[in-house]
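Residue-level structure breakdown
Each chain, letter by letter, is given below.
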Amino acid sequence: MKGIRGKIILFWAILLMGLQVHAGGITLIQEINAAPVDFDGKEVRLKGIPKDPTRLPFVDLKMYVLEDSSGEITVLTEFDLPKMNEEITIRVKVKSLAIFKGEAVGLTVTELERYERQQEI
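Below is a short write-up of the structure. All figures in this text were calculated on a predicted structure; none of them were measured in a lab. (Residues numbered from 1 in each chain as written. Predicted model: local features only at pLDDT ≥ 70, side-chain atom pairs only at ≥ 80, totals over all residues. Heavy atoms only, no water.)

**Focus on the pairing of strand S1 (residues 43-56)**
Of the strand pairs in this sheet, S1 and strand S4 (residues 88-100) are connected by six bridges, and their pairing is antiparallel. Within S4, the position partnered with Glu-43 by the bridge is Lys-93. Pairing of S1 with strand S2 (residues 61-68), which is carried by six bridges, proceeds in the antiparallel orientation. Looking at S2, one finds that Thr-54 is bridged to Met-63. Where S1 hands over to S2, the hairpin turn is made up of four residues, of which Asp-60 adopts a positive phi near 50 degrees. (Pairing = 2+ DSSP bridges. Helix = DSSP H or I, 4+ residues; strand = E, 2+ residues; numbered from the N terminus.)

Okay, here's the thing in structure tokens:
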């Protein structure tokens, strides 16, 4: 009986730890920065405050830094730059230019969809 009870407790502990990290389907920026290889080629949702916009018109490059409570990451976008200093949620694709000996090189985060905070009426 102890064996079954232990397995059940272990199962729930693992499940709850996973839910805590990805509560609401939002990935913390620190998770990507700490282990970009684990996210290579995956789509995730990020939530944070955009800042430091950059737009280079001759090469049609737009990017901004997204900051959450855990860190910052640069986001490339084909959309209009978001309003700065107003929280947004975005769906992004994480890719690395190369993976060399288990280490990601050239991390890129590309915005696929944006969910801006709805204005209250």
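**Focus: the nonpolar core**
Ranked by internal contacts, the top residues of the largest apolar core, which has 14 residues, are Leu-46, Leu-66, Ile-73 and Ile-90. Put simply, the parts of the chain that give this core at least two residues each are helix H2 (29-34), S1, S2, strand S3 (71-77) and S4. The element that contributes the greatest number of residues to this core is S4, accounting for four residues. What Leu-66 contacts, discounting residues up to four positions off in sequence, is Ile-29, Leu-46, Lys-47, Gly-48, Ile-49, Pro-50, Gly-71, Glu-72, Ile-73, Val-75, Ile-88 and Ile-90. (Core = buried A, V, L, I, M, F, W, Y, C linked by side-chain atoms within 4.5 Å. Buried < 20%, exposed > 50% of the residue type's maximum accessible area, 1.4 Å probe, protein only. Contact = heavy atoms within 4.5 Å.)

**Here we look at the pattern of salt bridges**
One pass over the structure, following the stated rule, counts six salt bridges. Note that Glu-113 and Arg-91 form a salt bridge whose closest N and O atoms lie 3.1 Å from each other. Here Arg-91 lies in strand S4 and Glu-113 lies in strand S5 (residues 103-116), a separation of 22 residues in the sequence. The class for Glu-113 is partly exposed, based on a relative accessible area of 30%. Given a relative accessible area of 23%, Arg-91 falls into the partly exposed group. The shortest N-O distance in the salt bridge between Arg-114 and Glu-111 comes to 2.7 Å. No difference in accessibility class separates Arg-114 from Glu-111, as the two residues are buried. Each of Glu-43, Arg-91 and Glu-113 takes part in one network of salt bridges that share partners. (Salt bridge = Lys/Arg side-chain N within 4 Å of Asp/Glu carboxyl O.)

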